[in-house]
Amino acid sequence: MAKVIVVGGGVGGMVCALLLARRGHRVRLYERRSRLGGKLAEHRRDGFSFSLGPSLLTLPDVFTDLGLKLDLVEPRELCHYRFADGSALTAHRDPARMAAEVERFAPGEGRNWTAFHAWGRACFAASRRAFFAGPLTRPPAHARPSDLWAVAPGRTVDGLARRFFTDPRLRQYVGRYATYAGSSPYRAPAALACVPAVEHDHGGWYVAGGLPRLADALAGLLEKAGVEVALDTEVTEVPADADRVLGVRLASGERERADAVVAGVDAAALYGRLLPDRRRLRRVARLGMSSSVFLLLAGVEGRTGGLAHHSVVFSADYRREFSDIFERRRPPEDPTVYLGCSAVDDPSQAPEGAENLVMLVNVPAGDPGRWPIRPESYRDLVLERLAARGHDLSGRLRFVDLFTPADLRDRYGAWGGSVYGAAYDGPFSAFRRPGNRGPRRGLYLVGGSAHPGGGLPLVAMGGRLVASLVEEDLP
Ligand SMILES: Cc1cc2nc3c(=O)[nH]c(=O)nc-3n(C[C@H](O)[C@H](O)[C@H](O)COP(=O)(O)OP(=O)(O)OC[C@H]3O[C@@H](n4cnc5c(N)ncnc54)[C@H](O)[C@@H]3O)c2cc1C
């Protein structure tokens with residue numbers, strides 16, 4: 001039996017801790033906040049509940065296979081998209097129905113959507129065999145030579161969208177998937193565009209009571225498995241000798257020894273602060289920072305007829321929007337807005353006769369003090385844009401709570417404010433993320449900034465992967 005310390009109670013760290021404890025190791029998890037879950041966090045006010053991070057669960061089997069009991073709810077449609085010209089597209093889960101909807105929306109493109117879906121399905125299957133299944137340091141056992149071509153190597157998400165669609169609105173719809181990882185469709189690898197196939201084939205789910213209930217359910221399993229969880233306890237250092245890690249040092253100054261340390265924190269925070277390593281920090285920095293988000297959480301009077309659980313209200317000029325975020329590094333003048341309303345499927349999320357609206361805008365990581373516009377004025381701009389595109393909330397707002405990138409950086413402990421970890425910048429960037437073994441024996445990395453990347457199912461897969469590496473390495 002070995003002693004393992006997990007730093008950070010995000011989903012990746014929790015899954016890894018759970019599996020190691022179940023294999024009989026003594027596992028202690030340190031979390032600097034008073035609650036487990038990391039980005040699976042929520043905000044409550046006056047009877048309204050809002051998710052501060054994830055709103056959509058894909059591949060729930062990754063979690064239920066761990067023994068997690070989740071009250072899963074499937075929204076009526078995957079998403080409702082509204083474009084700048086006033087047109088709208090509803091993403092139905094059923095692929096045949098979706099192809100028919102795309103054909104109605106843009107005659108001639110229905111067949112192209114079916115081909116795009118088949119590509120996404122093959123890309124996901126190849127990624128699962130070749131990329132997600134193991135650490136990047138050894139050849140995957142079940143990969144096939146054709147898997148390399150299945151992910152459209154060398155193409156960006158936008159390049160892939162151009163291969164399948166001629167209608168610019170459908171390219172914008174495909175491009176949206178790069179933002180799931182805080183990246184630009186003009187720079188992120190095409191493989192990120194396999195996500196819609198995952199949603200259509202496996203569903204896009206909600207957890208009753210809000211997605212943070214997933215973290216509560218995981219916390220329950222940790223307790224059952226005997227993981228010792230220390231909340232409100234920050235790790236300030238991972239001491240090591242030239243060969244291996246020795247344990248952790250806490251903010252209180254206390255030191256604790258361990259046979260293995262699993263860092264479930266941002267790789268940049270690990271190499272910048274906990275175990276300073278300039279070379280590795282530079283390598284992480286070269287990946288480029290992901291975008292951050294500007295969140296408006298609104299308690300809204302009344303119910304909006306026909307409102308979907310998930311909607312996206314697109315900007316008129318997508319290229320300009322991403323150049324604002326990643327090159328000019330200012331919040332977009334004409335932003336795309338994600339609108340989430342879990343009260344559509346779950347009355348517990350808002351008082352009767354009201355709705356909880358999450359409005360999320362992609363903005364640059366970093367300090368809003370450097371923006372050419374004050375956050376409060378930007379909030380008004382976002383609300384005006386929404387009103388101009390058919391979502392007028394004036395007269396119905398009970399309150400709007402604002403979370404800027406600086407607020408979220410502090411809340412999530414996100415290094416440099418890059419809330420999704422490193423960006424996918426360049427067609428081969430997925431292979432350049434930090435691996436799961438650290439530079440000293442006994443040190444491991446898990447979570448959104450390490451292989452295989454961010455998103456709830458992926459960080460959970462990473463947790464499983466790291467647990468098996470620790471087992472493999474321990475005497
Ligand atoms: C706005 C937003 C929306 C998203 N939407 C979705 C979605 O709809 N679906 C989806 O699948 N994914 C979504 N994601 C991605 C998903 O939330 C993340 O990939 C995932 O939650 C990251 O998990 P993690 O294991 O990396 O840990 P994190 O959630 O990053 O947690 C790390 C934990 O470590 C703790 N910590 C940090 N430093 C220390 C220290 N020194 N000592 C002790 N503890 C420390 C932190 O407090 C935190 O609890 C979204 C992300 C964001 C930001």
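Look above for the structure.
Parameters at a glance
Residues numbered from 1 in each chain as written. Predicted model: local features only at pLDDT ≥ 70, side-chain atom pairs only at ≥ 80, totals over all residues. Heavy atoms only, no water. 1 Å grid on protein atoms, 1.4 Å probe; cavity = no way out; pocket = protein on both sides within 12 Å on 5 of 7 lines; lining within 4 Å. Points joined across faces, edges and corners; volume = space filled by probe spheres on them. Helix = DSSP H or I, 4+ residues; strand = E, 2+ residues; numbered from the N terminus. Nonpolar A, V, L, I, M, F, W, Y, C, P; charged D, E, K, R; others polar. Buried < 20%, exposed > 50% of the residue type's maximum accessible area, 1.4 Å probe, protein only. Arc of directions from axis to C-beta. Contact = heavy atoms within 4.5 Å. Near = heavy atom within 4 Å. Polar contact = N/O pair within 3.5 Å; in protein donor to acceptor, adjacent residues only side chain to side chain. Areas by Shrake-Rupley, 256 points an atom, 1.4 Å probe, with all protein chains shown as cover. Domains from an automatic or database assignment. Phe/Tyr/Trp six-rings, centres within 6.5 Å; stacked < 30°, edge-to-face > 60°. Pairing = 2+ DSSP bridges. Axes fitted to C-alpha atoms, helices over the stretch in contact; angles between N-to-C directions.

**Q** Tell me about empty space enclosed by the protein, and please be specific about residues and values.
**A** Taken as a whole and judged by the stated rule, the model has one cavity of 30 Å³ or more. Approximately 30 Å³ is the volume attributed to the largest cavity. Lining the largest cavity, in full, are Trp 113, Phe 116, His 117, Gly 120, Ala 193, Pro 196, Ala 197 and His 200. Of all the secondary-structure elements, those providing two or more residues to the lining of the largest cavity are helix H4 (110–132) and helix H8 (195–202). The element contributing the most residues to the lining of the largest cavity is H4, with four residues. In terms of residue class, the lining of the largest cavity is built from five nonpolar, three polar and no charged.

**Q** Give me the lowdown on helix H3 (residues 95–105), citing residues and values where you can.
**A** Met 98, Ala 99, Glu 101, Val 102 and Phe 105 are the residues of H3 that are buried. End-on view of H3: buried residues confined to an arc of 160°, all on one side of the axis. Away from its buried face, by an angle of more than 90 degrees, H3 presents the exposed residues Ala 96 and Arg 104. Considering only its buried residues, H3 is in contact with strand E7 (88–91), H4, helix H7 (168–175) and H8.

**Q** For the site of the ligand, give the residues involved together with the corresponding values.
**A** Around the ligand sit 34 residues, and of these Glu 31, Lys 39, Gly 448, Gly 455 and Leu 456 come closest. Here an oxygen atom of the ligand and a side-chain polar atom of Glu 31 are 2.6 Å apart. Here an oxygen atom of the ligand and a backbone polar atom of Lys 39 are 2.8 Å apart. Protein chains bury 91% of the 1,000 Å² of accessible surface belonging to the ligand in isolation. Split by residue class, the shell around the ligand holds 15 nonpolar, 14 polar and five charged. Two domains each put at least three residues into the shell around the ligand: domain 1 (3–40 + 211–288 + 420–473) and domain 2 (43–75 + 291–417).

**Q** Tell me about the packing of aromatic side chains, residues and numbers included.
**A** Each aromatic ring pair is summarised here by two numbers: the centre-to-centre distance and the angle between the ring planes. Taken as a whole and judged by the stated rule, the model has 17 aromatic pairs. On the numbers, 6.1 Å between centres and 85° between planes, the contact of Tyr 173 with Tyr 177 is edge-to-face. As far as the burial class goes, Tyr 173 and Tyr 177 line up, both buried. Note on Phe 294 and Tyr 378: the rings are 5.1 Å apart at their centroids and 70° apart in plane angle, and the pair reads as edge-to-face.

**Q** Now, about the side chain of Thr 404: what can you tell me, with residues and values included?
**A** Within the secondary structure layout, Thr 404 lies in the loop between strand E18 (397–403) and helix H14 (405–412). Given a relative accessible area of 9%, Thr 404 falls into the buried group.

**Q** Describe the pairing of strand E14 (residues 292–301), and please don't skip the residues or the numbers.
**A** Across the 10 residues of E14, nine count as buried, placing the element largely inside the fold. One ladder, built from 10 bridges, connects E14 with strand E17 (residues 354–363); its direction is antiparallel. Each residue of the ladder has a partner; that of Leu 296, found in E17, is Met 359. As paired strands, E14 and E18 are joined by six bridges and run antiparallel to one another.

**Q** Quick rundown of unusual backbone geometry? Include the residues and the values.
**A** The step from His 451 to Pro 452 runs through a cis peptide bond, and the omega angle for that step is 0°. Positionally, Pro 452 belongs in the loop between strand E19 (443–445) and helix H15 (456–473). The phi torsion at Asp 46 lies on the positive side, around 45°, for a residue other than glycine. The exposed category is assigned to Asp 46, whose relative accessible area is 55%. Of note, Arg 329 is a non-glycine position whose phi angle comes to about 55°, a positive value. Considering the arrangement of structural elements, one finds Arg 329 in the loop between helix H12 (318–328) and strand E16 (337–340). You can call Arg 329 partly exposed: its relative accessible area is 36%.

**Q** Kindly report on the sheet that holds strand E13 (residues 260–263), identifying the contributing residues and their values.
**A** The strand order across the open sheet formed by five strands is E9-E2-E1-E13-E19, and the pairing between neighbours is parallel. Where the open sheet ends on each side, the last strands, each with one partner, are strand E9 (228–230) and E19. Sheet twist, expressed as the average angle between the axes of neighbouring strands with direction ignored, equals 20°. Bridge count between strand E1 (residues 3–7) and strand E2 (residues 26–30): five bridges; the pairing is parallel. Of the residues in E2, the one forming a bridge with Lys 3 is Arg 26. Taken strand by strand, helix H1 (residues 11–22) contacts E1, E2 and E13, and its axis lies near 165° from that of E2. This element, H15, spans E1, E13 and E19 of the sheet and lies at about 165° to E19.

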